[in-house]
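# Coordinate inspection notes
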Amino acid sequence: MNKIKLGIIGLGAIGNRMLKPIKEQYADQLEVVAVCDANETLAKEIAEEFSIPHYFKSHQELLKNAELDIVYIAVPPKYHEQVALDTIEAGVHILCEKPLANSIEEANSMLQAVENTSLIHMMNFPLNYQAQMYKMMSLIQSGYIGSIRRIDLNLHFPEWPRFWQKNSWVGKREQGGYILEVGAHWIQFIQKNFGQINFIQGEVSYPEDETLCENGVNAKLVLDNGINVYLDGISQVPGPERVELVVHGTEGSLFLENWGNLKGGKVGQPYESISTEGIHVGTLFDHLIESLRGNTANLYDFTVGYNVQVVLEAFKNPELPNGIYLVNLYK
């Protein structure tokens, strides 16, 4: 079976971190044949370290000169649109980082360009490929917590950007911040599993430096079934990082702690860890490979990314304190 030829566009913290698992776990099916980064020295170093045949300074060079089946777009959000449009024009499949773009207009442009093609346009929403998430939803569906009363999403960061992702943009207001970078994952997960976010109201606070991203957010998101989601976010505070989703029901609660530690408890009882042993859902790359081979796979495409973008952009809207209805904005 021929290997799938992958090109990586953008070698920052996320793009770089993808290389090791690809090489270690998928070398028999995936081959990284080219990388590119605006920092050509970095691209050369990465290519040499991982024995990648080609490296380039621009995505246009990569698309023109490398034989590719799919590219992974891992550049900062404001560059997603142009890279995606050029990739679509080249007839190459796409795996794109979240958020989809840096505005609803850009996201719509990308979606319109790809939706009448046969190209795969997959988003990197890895929560969908975690056993803990499947276990949580199976417990909810079996009645473990009764009827859902409310959902709490806590995003607390002692430091933003985090130590492993410091760069020129992720801490800036133009295209960074933890609402975009972390909130996007949970907005997608909530909309997939609990309901569409139809209304949002709250406040976002910013530091005095107008170039810097948010340092606080407090919001209520109302789902189409009437369930309220309460978002509490803060950065530059003492203590450990807290990324938590808590689903409260009439008979108990389920608690996803720090991305993947699942706990549950009945009303009046303490939380206890819940095992996910024996649950196999496949990784993002497992499903990507299946899709590229023409098989059934679990993918989240640009339409999903666009609908997440709708919610993300609402946090930037000056009308947020008064409340914003989102129903008519979705695809």
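An account of the accompanying structure is given in this report. These figures come from a predicted structure and were not determined experimentally.

## Some remarks on the nonpolar core
In this structure, Met-136, Trp-186, Phe-194, Leu-245 and Phe-315 are the most contacted members of the largest nonpolar core, which totals 110 residues. With nine residues, helix H7 (residues 178-193) is the single largest residue contributor to this core.

## Structural notes on the packing of aromatic side chains
Two numbers describe a pair of aromatic rings. These are the distance of the centres and the angle of the planes. With the rule as written, the count across this model stands at ten aromatic pairs. With a centroid separation of 5.7 Å and 45° between ring planes, the pair formed by Tyr-26 and Phe-285 is classed as tilted. Of this pair, Tyr-26 sits in the loop between helix H1 (13-25) and strand S2 (30-36) while Phe-285 sits in helix H8 (residues 284-292), placing them 259 residues apart in sequence. Looking at Tyr-26, the relative accessible area reads 7%, which means it is buried. Overall, the relative accessible area of 7% leaves Phe-285 in the buried class. Ring geometry for Trp-186 against Trp-259: centres 5.6 Å apart, planes inclined by 35°, an arrangement best described as tilted.

## A closer look at the sheet that holds strand S11 (residues 242-249)
The nine strands are arranged S14-S13-S12-S11-S7-S10-S9-S8-S15 in an open sheet whose pairing can be described as mixed. Only two strands of the sheet have a single partner each, and these edge strands are strand S14 (272-273) and strand S15 (324-325). One ladder, built from five bridges, connects S11 with strand S12 (residues 252-257); its direction is antiparallel. Note on S12: the bridge partner recorded for Glu-244 is Glu-257.

## A short note on the packing of H7 against helix H9 (residues 302-314)
H9 packs onto H7 with a crossing angle of 120° between their chain directions and a minimal axis gap of 9 Å. Remark: the crossing between H7 and H9 carries right-handed chirality. Residues Ile-179, Leu-180, Ala-184, Ile-187, Gln-188 and Gln-191 of H7 lie in contact with H9, whose contacting residues are Val-304, Asn-307, Val-308, Val-311 and Leu-312. Counted by class, the contact of H7 with H9 contains eight nonpolar, three polar and no charged residues.

## Focus on unusual backbone geometry
Here Lys-98 and Pro-99 are connected by a cis peptide whose omega angle stands at -15°. Looking at the element boundaries, Pro-99 is found in the loop between strand S5 (93-96) and helix H5 (104-114). In this structure, Pro-161 follows Trp-160 across a cis peptide bond, with omega equal to 0°. Its location among the elements puts Pro-161 in the loop between strand S7 (148-157) and H7. Residues other than glycine seldom take positive phi values, yet Gln-236 does so here, at roughly 60°.

## Observations regarding the pairing of strand S8 (residues 197-205)
Of the pairings in the sheet, the one linking S8 to strand S9 (residues 216-223) comprises eight bridges and is antiparallel in character. From the neighbouring strand, Glu-203 faces S9, where its bridge partner is Asn-218.

## A look at the environment of Pro-207
Inspection of the secondary structure puts Pro-207 in the loop between S8 and S9. In the structure, Pro-207 is positioned 68 residues away from Leu-139 in sequence and 41 Å away in space, judged by C-alpha atoms. For Pro-207, the contacting residues outside a window of four places in its chain are Arg-173, Leu-212, Cys-213 and Asn-215.

## Regarding H5
Considered for burial, the residues of H5 that qualify are Ile-104, Glu-106, Ala-107, Asn-108, Met-110, Leu-111 and Val-114. In this structure, the buried residues of H5 make contact with helix H4 (80-89), S5, strand S6 (121-123) and H9.

## Overview of the pattern of salt bridges
Two side chains of opposite charge can pair, provided their charged atoms sit close to one another. As enumerated under the stated definition, the model contains nine salt bridges in all. The residue Glu-174 makes a salt bridge to Lys-78 at a minimum N-O spacing of 3.3 Å. With a gap of 96 residues between them, Glu-174 in the loop between S7 and H7 and Lys-78 in the loop between strand S4 (70-73) and H4 connect regions that are remote in the sequence. One salt bridge in this structure joins Lys-263 and Glu-257, with 3.2 Å as the shortest N-O distance. One salt-bridge network, in which partners are shared between bridges, spans Glu-97, Lys-98 and Glu-181.

Parameters and conventions
- Residues numbered from 1 in each chain as written.
- Predicted model: local features only at pLDDT ≥ 70, side-chain atom pairs only at ≥ 80, totals over all residues.
- Heavy atoms only, no water.
- Core = buried A, V, L, I, M, F, W, Y, C linked by side-chain atoms within 4.5 Å.
- Buried < 20%, exposed > 50% of the residue type's maximum accessible area, 1.4 Å probe, protein only.
- Helix = DSSP H or I, 4+ residues; strand = E, 2+ residues; numbered from the N terminus.
- Phe/Tyr/Trp six-rings, centres within 6.5 Å; stacked < 30°, edge-to-face > 60°.
- Pairing = 2+ DSSP bridges.
- Axes fitted to C-alpha atoms, helices over the stretch in contact; angles between N-to-C directions.
- Left-handed = near helix turned anticlockwise from the far one by under 90°.
- Contact = heavy atoms within 4.5 Å.
- Nonpolar A, V, L, I, M, F, W, Y, C, P; charged D, E, K, R; others polar.
- Salt bridge = Lys/Arg side-chain N within 4 Å of Asp/Glu carboxyl O.

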